[in-house]
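Structural overview
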Amino acid sequence: MGLETPHHHGNLDIQGCGISAMLVAKTPLQPDAARELLGRLVAEIASKGMSRGALAVGHVKAILKAGNEFVHADTIGVKYGASTAGEIISPITRAELTVNSIIVGLPEAAIEEVTIKAIRDLFESQGVKVALEVTKHDDGAPHANGNCPGPFGPSGHSDRK
């Protein structure tokens, strides 16, 4: 038996999606607000995935990196809540966000849609511009600059200019 979890086991369908984005805030985002937003982000992705018919959440992880500082949030399911770690001391005007969502029983396209919508909704509501960089699906294939054949079509989900 290998160390990899099978993506299809019987009737179980385990899919995932990774999203990277650059965040730019006109008004600096305070460190405590950034940590709270990251926790809300992973909880929101898990919750929306379950409401879309997922059987379970494998994990949802997010890392927000600003300079040499970072905050990490993760959840393994709605009932477990989100945990956060790391520390950002300075107000944030630019940051890198990486989110990895593994959800059981949802198609890859739905996981990507839920993840992107949660990122946009939470950060844009705080006045932060979100520029998607790369998406990676469970097969590890990168789809840079929106050239992903996913539900949004080529270039349909990238803001990179």
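Whatever comes next refers back to the structure up there.
Residues numbered from 1 in each chain as written. Predicted model: local features only at pLDDT ≥ 70, side-chain atom pairs only at ≥ 80, totals over all residues. Heavy atoms only, no water.

Once that is clear, we can look at the pattern of salt bridges. Applying the stated criterion across every chain yields a total of five salt bridges. One salt bridge in this structure joins Glu113 and Arg52, with 3.6 Å as the shortest N-O distance. With Glu113 in helix H2 (residues 108-124) and Arg52 in the loop between helix H1 (31-51) and strand S3 (56-66), the pair connects residues that are 61 residues apart, well separated along the chain. As a salt-bridge pair, Lys117 and Asp121 come within 2.7 Å of each other at their nearest N and O atoms. Remark: Asp121 and Lys117 occur in helix H2; sequence separation between them is four residues, near one turn of the helix. (Salt bridge = Lys/Arg side-chain N within 4 Å of Asp/Glu carboxyl O. Helix = DSSP H or I, 4+ residues; strand = E, 2+ residues; numbered from the N terminus.)

With that settled, the discussion passes to H1. For H1, which comprises 21 residues, the first-to-last C-alpha distance of 30 Å matches the rise-based estimate of 30 Å (1.5 Å per residue) to within 8%. Buried within H1 we find Pro31, Ala34, Leu37, Leu38, Gly39, Leu41, Val42, Ile45, Ala46 and Gly49. Buried residues along H1 sit in contact with strand S2 (12-29), S3, strand S4 (69-75), strand S5 (83-87), strand S6 (92-104) and H2. Looking one or two places after H1, you find Gly53, whose phi comes out positive at around 110 degrees. (Expected span 1.5 Å × (residues − 1). Buried < 20%, exposed > 50% of the residue type's maximum accessible area, 1.4 Å probe, protein only. Contact = heavy atoms within 4.5 Å.)

Attention shifts here to the environment of Gly58. As for its placement among the helices and strands, Gly58 is situated in strand S3. Here Gly58 falls in the partly exposed class, since its relative accessible area comes to 36%. Between the C-alpha atom of Gly58 and that of Ile103, which follows or precedes it by 45 residues, the distance is 5.3 Å. In this view, Gly58 contacts Ile76, Ile102 and Ile103; residues no more than four positions away in its chain are not counted.

Right, let's talk about empty space enclosed by the protein for a bit. Summed over the entire model, instances satisfying the criterion amount to one cavity of 30 Å³ or more. A volume near 40 Å³ is recorded for the largest cavity. Among the secondary structure elements, those contributing two or more residues to the lining of the largest cavity are S2 and S6. Within the lining of the largest cavity, the residues separate by chemical class into seven nonpolar, one polar and one charged. (1 Å grid on protein atoms, 1.4 Å probe; cavity = no way out; pocket = protein on both sides within 12 Å on 5 of 7 lines; lining within 4 Å. Points joined across faces, edges and corners; volume = space filled by probe spheres on them. Nonpolar A, V, L, I, M, F, W, Y, C, P; charged D, E, K, R; others polar.)

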